[in-house]
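# Structural features, examined
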Amino acid sequence: MQRHSLSGTTMGTRYSAVFFAAAGVDEAAIAADLFAAVNSVDQQMSSWKPESELSRLNRAPAGQWQVVPKALYCVLLTALRVGEQSRGAFDIGVGDLVDAWGFGAGQQQPDEQQIRRLQQRVYRAATDLLEIDHAHNRVRKRAPVSLDLSGIAKGYGVDALAHCLDGLGIRSYLVGIDGEMR
């Protein structure tokens, strides 16, 4: 067994994988698989990429069902469950507020009136604003809301890296994205 170390860019940061495998293992193929795993998560859950599935959902009008990919669907369900269990301390419905404060893709300067308005709108937790159709992997917003998965998507990406290595039969590894480790 030999120690291998691979890394790349994703989600505006870097991912890494340190693992033990045979000396002759095809690192290029493993690197491609790891990148594909995290790239899929980024393409679905990025609030920074206008073409992502999350951005598409955020642009959708309230009241309209949106079919979402399975991974995004699972992360939304988990985020809503954590939101309920934390009594709203974790809330993915803060996308507009994150942007208004200049932390999101919008890069705006805060405007007090806008922030007060958004705080009142965000006060209704995402758990109250989203309807989930379990039979068809669909989501419908009950009211305008901008979702932000920054608090959970990187962890899901780390899980995707781990599943990738598990699928290759590699059992001794440490994977991470920007401090999220497994």
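The following refers to the structure shown. (Residues numbered from 1 in each chain as written. Predicted model: local features only at pLDDT ≥ 70, side-chain atom pairs only at ≥ 80, totals over all residues. Heavy atoms only, no water.)

### Topic: the layout of surface pockets
Here the largest pocket is characterised by a volume of approximately 230 Å³. Taken together, 14 residues form the lining of the largest pocket, with Met11, Asp42, Trp48, Ser150 and Lys154 sitting closest to its centre. Those elements that provide at least two residues to the lining of the largest pocket are α1 (27-45) and α7 (153-167). Looking at the lining of the largest pocket element by element, the count peaks at 3 residues for α1. A class-by-class count of the residues in the lining of the largest pocket yields 6 nonpolar, 4 polar and 4 charged. (1 Å grid on protein atoms, 1.4 Å probe; cavity = no way out; pocket = protein on both sides within 12 Å on 5 of 7 lines; lining within 4 Å. Points joined across faces, edges and corners; volume = space filled by probe spheres on them. Helix = DSSP H or I, 4+ residues; strand = E, 2+ residues; numbered from the N terminus. Nonpolar A, V, L, I, M, F, W, Y, C, P; charged D, E, K, R; others polar.)

### With respect to the sheet that holds strand β4 (residues 130-133)
The 3 strands are arranged β3-β5-β4 in an open sheet whose pairing can be described as antiparallel. Each edge of the open sheet is held by one strand with a lone partner, namely β3 (66-67) and β4. Of the strand pairs in this sheet, β4 and strand β5 (residues 138-141) are connected by 4 bridges, and their pairing is antiparallel. Looking at β5, one finds that Leu130 is bridged to Lys141. (Pairing = 2+ DSSP bridges.)

### So, the packing of aromatic side chains
All chains considered together, the criterion is met by 0 aromatic pairs. It is Arg138 that lies over the ring of Trp65; its NZ or CZ is 4.4 Å from the centre. (Phe/Tyr/Trp six-rings, centres within 6.5 Å; stacked < 30°, edge-to-face > 60°. Lys NZ or Arg CZ within 6 Å of the ring centre and 35° of its normal.)

Remember that the coordinates give geometry; whether it matters functionally is a separate question.
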